[in-house]
Amino acid sequence: KKPTTPNQQGGSKERGIINTEVPEFKADTPASALVIGISSYPNLPSDAQLRYAHSDAQAVRDFLVSEKGGFRSEDVKLLLNEEATQDQIWREIGILQERTGPGSLALIFFAGHGFVNKSNQAFLIASDTKAGDLHATGIDMHTLNSTVQNMRARSVVIITDACHSGTLGDFLRAGPLENISAKYF
């Protein structure tokens, strides 16, 4: 069978080789998501506040639970602004980890600030993160990587819209996962 891609009329046409190793997402695939958007950071100065991260996260959540997105609304957790504390993010990541199983899909979306310190440690910044205490109050990407590696899901998708978010791909590729693809733009 020759590889095809859909044309504008919904049919298909021949095209070059496509990646056939991408797992197919079916409507009955168990899928869970954690969607985080933080625009408001009480511990950061006014010029460090973001404008659209929370609305981007809301739009992602709305798409996921739409007919085209295919996720059930009860399987998508949305944390916006002050809800997205370090404790609550880790709690929801733990719940996501527990919900995944063989054949399932887990998705984590984060829109907000990211930071890499002088020791080249990367962090996602929670709503209650204190700039001078990243180790105790930030979301350490090494720890996130470890948690993701221990998820039993067939596929885990992480989308970050944050400064230094490409660094997450470096941490994920450094782990023992055999079937990982990290892409950033």
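In what follows, the structure referred to is the one given above.
Because the structure is a prediction, the values reported are computed rather than measured.

Undergrad: So, the overall build of the protein chain: which residues are in play, and what are the values?
TA: In terms of regular secondary structure, the protein chain is built from 5 helices and 9 strands. The proportion of buried residues among the 185 residues of the protein chain is 42%. Sequence-distant contacts in the protein chain: of pairs separated by 6 or more residues, those separated by 24 or more amount to 63%. Roughly 11200 Å² of accessible area belongs to the protein chain as shown, and the carbon and sulfur atoms make up 49% of that amount.

Undergrad: Just give me the short version of the side chain of Thr 129, but keep the residues and values in it.
TA: You can see Thr 129 is positioned in the loop between strand 7 (122-124) and helix 3 (134-137). The exposure class of Thr 129 is buried, given its relative accessible area of 2%. Of note is the side chain of Thr 129, whose polar atom sits 2.8 Å from the backbone oxygen of Thr 137. Look past the residues within four positions of Thr 129 in its chain and what remains in contact with it is Asn 43, Leu 134, Thr 137 and Gly 138.

Undergrad: An account of the environment of Gly 101 is requested, with residue identities and associated values reported.
TA: The residue Gly 101 is located in the loop between helix 2 (86-99) and strand 5 (105-111) in this model. Accessibility expressed as a relative area gives 13% for Gly 101, which makes it buried. Distance from Gly 101 to Ser 155, taken between C-alpha atoms, is 9.8 Å for residues 54 residues apart in sequence. Discounting residues that sit within four places of it in the chain, Gly 101 has contacts with Arg 152, Ala 153 and Arg 154.

Undergrad: So, the nonpolar core: which residues are in play, and what are the values?
TA: Grouped burial of nonpolar side chains is what soluble globular proteins tend to show. Formed by 28 residues in total, the largest nonpolar core has its most connected members in Ile 36, Ile 89 and Phe 110. For this core, the secondary structure elements donating two or more residues are strand 3 (31-37), helix 2, strand 5, strand 7 and helix 4 (141-149). Aside from chain neighbours lying at most four places away, what touches Ile 89 is Leu 34, Ile 36, Leu 79, Ala 84, Ala 126 and Ile 139.

Undergrad: With reference to specific residues and values, describe the sheet that holds strand 4 (residues 76-80).
TA: Spatially, the 4 strands line up as an open sheet ordered 4-3-5-9, and their pairing is parallel. If you trace the sheet from one side to the other, it starts and ends with strand 4 and strand 9 (155-161), each paired once. Strand-to-strand, the axes of this sheet are offset by a mean angle of 5°, without reference to chain direction. Bridge count for strand 3 against strand 4 is 5 bridges, and the pairing is parallel.

Undergrad: Explain the sheet that holds strand 6 (residues 114-116) to me, and be specific about the residues and the numbers.
TA: Pairing in this open sheet of 3 strands is antiparallel, and the strands run 6-7-8 from one edge to the other. Each edge of the open sheet is held by one strand with a lone partner, namely strand 6 and strand 8 (139-140). Where strand 6 lies against strand 7, 3 bridges are found, and the strand directions are antiparallel. Paired with Gly 114 across the two strands is Leu 124, which belongs to strand 7.

Undergrad: So what about the pattern of salt bridges? Which residues, and what values?
TA: Evaluated as defined, the whole model comprises 4 salt bridges. A salt bridge links Arg 72 to Glu 74; the nearest nitrogen and oxygen atoms lie 3.4 Å apart. Ionic pairing is found between Arg 72 and Asp 75, a salt bridge with its closest N-O pair at 2.8 Å. A residue is classified by how much of its surface remains accessible, and Asp 75, at 8% relative accessible area, is buried.

The rules behind each value
Residues numbered from 1 in each chain as written. Predicted model: local features only at pLDDT ≥ 70, side-chain atom pairs only at ≥ 80, totals over all residues. Heavy atoms only, no water. Helix = DSSP H or I, 4+ residues; strand = E, 2+ residues; numbered from the N terminus. Buried < 20%, exposed > 50% of the residue type's maximum accessible area, 1.4 Å probe, protein only. Contact = heavy atoms within 4.5 Å. Areas by Shrake-Rupley, 256 points an atom, 1.4 Å probe, with all protein chains shown as cover. Polar contact = N/O pair within 3.5 Å; in protein donor to acceptor, adjacent residues only side chain to side chain. Core = buried A, V, L, I, M, F, W, Y, C linked by side-chain atoms within 4.5 Å. Pairing = 2+ DSSP bridges. Axes fitted to C-alpha atoms, helices over the stretch in contact; angles between N-to-C directions. Salt bridge = Lys/Arg side-chain N within 4 Å of Asp/Glu carboxyl O.

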